[in-house]
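Survey of secondary and tertiary structure
Listed here are the chains, written in short residue letters.
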Amino acid sequence: MLGFTVITIDVSAVNIALPSIRNSFSGGMAGLQWVVDAYTLMFAALMLSAGALSDRTGARRAYAWGITLFTLASLGCALAPGIGVLIAARVAQGGAAAIVMPASLALIRQAYEDARERARAIALWTVGGSVAMAAGPVLGGLLTDSAGWRAVFLLNLPVGAVILGLLIRVPRSPRRPAALDGGGQLTAVLALAGLAFAVIEGGHRGWTSGPVLAAAALAVVSGYAFYATETRHRQPMVPLAMLRNRRVAVPLAVGFAVNAAFYGGIFLLGLYYQQLRGMSGTAAGLMFVPMSAVVTATNLVSPRMAERIGRRPVIVAGQLIFAGAMLAMLPLAAHTPVWLVLVLLLPLSIGGALVVPALTALLMDAVPGERAGTASGLLNSFRQTGGALAVALFGSLLAGPGGDFSLQGMRLGLLAVAALLLFTAALSRVLLPRG
């Protein structure tokens, strides 16, 4: 849970630090988007192989490697002399986080054989990530205002040391055969990078500019190459047969949509508070405190609700609440009363926190134990991709004339994410089993 917390808090805390980073390096909106997406894209792409790596080397060993690399990369972020070095260090952080995530879930799968106990353990694990995502802006604002944005990254160093110290007491994990598919991994990275570049730069360079069209073409060609590689590989890192199981395919789609809404919402609100309303980093971070409390409480309630009424109703209801939250935020403006903004954030907090524990437990039960690392890597790859593309989309829409915050762009992004959530809620209702 500590590992999941530290790799998640880096996302939301950095969102609050973005205006300070922009002032420090004189970067535009595109640079800020890359600071966020360099992390989440590598997180998403490398997690496909990281699941197999966890199975192959043993979850405990992979977890130790990931935490060590993440801690060193955090130091690189804190010492970065320019935006380019910061983005490069964020790439390394994302790669390390990709190793940590599936290994942490595999350790839980290793420790709890009973399905009900495992579901409760996963719920506690999810609490760590959800609280980190919601509380990260508070820490990010406090650290940025008191010690500068570099302190956001320095915070990871002592946490990483504590995790490695505790890991010594964890039993060794068994190693299982799992192929490392270099061709599939390379094409996945190229496809996601091309897609993100097209979405991010399309809003700034123009959608018909040469580099944007080339990036879009790279994404399409690499995506097809990924499919062809995985189809022909004797031991693909993404077994395509697994995707034909609707208890796997639907959770992947839902995970994509939920993270798109949550990551996109955090990115949007951090800029809305500071750029449109003129709040300090600390004040903007404190606006997320009620959200953090609601997320924690809902994460604890979700598995109990799933046991009583079934996972499908919980997953569907959470997505509908989340879609309603996106639509409820449409009237936000520069002078919307603060109390009203806080009220509108409540359904946003509840929606995602309801879905994730039930969704993760459903997927873990749908695959055999030896595929736990691969399945969790696949789920979290889809989730991180959703978050990265949402940040790319929101950033492109939010940049108004002269780099000012665009309310119209914000509303278009909210409508797009709400429509996606309604679509995946319908898929869940039709295709998932009730129990």
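Numbering of residues begins from 1 in every chain and follows the order in which that chain's sequence is written. With pLDDT at 70 or above as the cut-off, local features in this predicted model cover only qualifying residues; side-chain atom pairs require 80 or more to be listed or tallied, and sums for whole chains, interfaces and linings still use all residues. In computing side-chain properties, one takes all heavy atoms of the structure into account and sets aside hydrogens as well as water.

**Observations regarding the overall build of the protein chain**
Selection rule: In this text, helices come from DSSP runs of H or I with a minimum length of four residues, and strands from runs of E with a minimum of two, each type numbered from the N-terminal end. Exposure is judged per residue with a 1.4 Å probe applied to protein chains only, and the accessible area is read against the type maximum: over 50% gives exposed, under 20% gives buried, and values in between give partly exposed. We call two residues contacting when some pair of their heavy atoms lies within 4.5 Å.
Helices and strands together make up the secondary structure of the protein chain, namely 17 helices and 0 strands. Each principal axis of the C-alpha atoms in the protein chain carries an extent, and together these give about 55 × 45 × 45 Å. Taken across its 435 residues, the protein chain has 58% of its residues classed as buried. Counting only contacts in the protein chain whose residues sit at least 6 apart along the sequence, the fraction spanning at least 24 positions is 83%.

**Quick look at the pattern of salt bridges**
Under the convention used in this document: The rule for a salt bridge is simple: a side-chain nitrogen of Lys or Arg has to be within 4 Å of a carboxyl oxygen of Asp or Glu.
Summed over the entire model, instances satisfying the criterion amount to 5 salt bridges. Salt-bridge contacts for R118 lead to D365; the nearest nitrogen and oxygen are separated by 3.0 Å. Note that R118 is positioned in helix 5 (residues 115-147) and D365 in helix 15 (residues 338-366), a separation of 247 residues in sequence. With a relative accessible area of 28%, D365 lands in the partly exposed category. For D365, the salt bridge is made with R311, and the minimal N-O distance between the two is 3.1 Å. Taken together, the residues D365 in helix 15 and R311 in helix 14 (residues 311-328) connect sequence positions 54 residues apart.

**Brief notes about helix 1 (residues 2-25)**
In plain terms, the rule: The seven residues ending at a residue and the seven starting there each receive a fitted axis; the angle between those axes is the bend at that residue.
Where helix 1 bends most, the angle comes to about 50 degrees, and this point is A17, followed within four residues by the proline P19. S26 lies just past helix 1 and shows a positive phi near 55 degrees.

**Some points on a nonpolar patch on the surface**
Our working rule: The residues that make up patches have over 30% relative accessible area and no salt bridge, and they are joined within 9 Å when like-charged or within 5 Å when they are Val, Leu, Ile, Met, Phe, Trp or Tyr. Accessibility throughout is a Shrake-Rupley quantity obtained with a 1.4 Å probe, and a residue counts as covered only by protein chains that appear here.
A surface patch of nonpolar side chains, about 300 Å² in accessible area, is lined by M1, L124 and L300. Its location among the elements puts L124 in helix 5. Exposure remark for L124: the relative accessible area of 48% places this residue in the partly exposed category.

**Some remarks on the packing of helix 2 (residues 29-57) against helix 4 (residues 83-111)**
Here is the rule: The axes used here are C-alpha line fits, helices contributing only the stretch in contact, and every angle between their N-to-C directions lies in the interval 0 to 180 degrees. It is the rotation of the near helix from the far one that decides the hand of a crossing: anticlockwise by less than a right angle makes it left-handed, clockwise makes it right-handed.
Contact geometry for helix 2 and helix 4: axes closest at 6 Å, N-to-C directions at 35 degrees. Relative to helix 4, the crossing made by helix 2 is right-handed.

**Here we look at the environment of G94**
You can see G94 is positioned in helix 4. The class of G94 is buried, set by a relative accessible area of 0%. The spatial distance from the C-alpha of G94 to the C-alpha of L46 is 8.3 Å, given a sequence separation of 48 residues. Among all residues touching G94, those that are not within four sequence positions of it are Y39, M42 and F43.

**Quick notes on the packing of aromatic side chains**
Operational definition: Only Phe, Tyr and Trp rings take part, Trp by its six-membered ring, and two of them pair if their centres are within 6.5 Å. Stacked means planes under 30 degrees apart, edge-to-face means over 60, and tilted covers everything else.
For the structure on display, the rule yields 8 aromatic pairs. Ring geometry for F25 and W149: centres 5.5 Å apart, planes at 70 degrees, overall edge-to-face. Here the residue F25 occupies a position in helix 1, and W149 occupies one in the loop between helix 5 and helix 6 (150-154), the gap between them amounting to 124 residues. When its relative accessible area of 17% is taken as the criterion, F25 is described as buried. A relative accessible area of 5% means that W149 is categorised as buried.

**Here we look at the packing of helix 11 (residues 246-276) against helix 15**
Using the following cut-off: Here roughly perpendicular refers to angles of 65 to 115 degrees, roughly parallel to angles under 35, roughly antiparallel to angles over 145, and oblique to all remaining angles.
The interhelical angle for the contact between helix 11 and helix 15, taken along N-to-C directions, is 155 degrees, at an axis separation of 10 Å. Relative to helix 15, the element helix 11 lies roughly antiparallel. At the point where helix 11 passes helix 15, the crossing takes the left-handed sense. Facing helix 11, whose interface residues are R247, V248, P251, V254, G255, V258, F262, L269, Y272 and Y273, helix 15 presents V341, L345, L348, G352, V355, V356, L359, L362, L363, D365 and A366.

**What about helix 14?**
Formally: Expected span of a helix: the number of residues minus one, times 1.5 Å.
With 18 residues, helix 14 ought to run about 26 Å at 1.5 Å a step, and its terminal C-alpha atoms sit 26 Å apart, in line with that. R311, R312, V314, I315, V316, G318, Q319, F322, A323, A325 and M326 are the residues of helix 14 that are buried.

**Things to note about the nonpolar core**
To be explicit about the condition: Definition of nonpolar core: a set of buried residues of the types Ala, Val, Leu, Ile, Met, Phe, Trp, Tyr and Cys, connected through side-chain atoms within 4.5 Å.
Within the largest apolar cluster, 131 residues are counted, with the highest numbers of intra-cluster contacts made by I7, Y273 and M326. Examining the composition of this core, we find that 17 residues originate from one element, helix 11, more than from any other. When near neighbours in sequence (up to four residues on either side) are disregarded, I7 contacts Y39, F43, F70, A97, V100 and M101.

**Examining the environment of R205**
Mapped onto the secondary structure, R205 falls in helix 8 (residues 182-205). Dropping the residues within four chain positions of it, R205 is found in contact with F197, P211 and V212.

**Topic: the side chain of T360**
Inspection of the secondary structure puts T360 in helix 15. Given a relative accessible area of 1%, T360 falls into the buried group. Every residue in contact with T360, bar those within four places of it in the chain, is listed here: L105, I122 and L379.

**Side note on the environment of A426**
Take A426: it is sitting in helix 17 (residues 407-431). Take A426: its relative accessible area is 42%, and that puts it in the partly exposed class. C-alpha of A426 to C-alpha of V316: the two residues are 110 residues apart in sequence and 7.6 Å apart in space.

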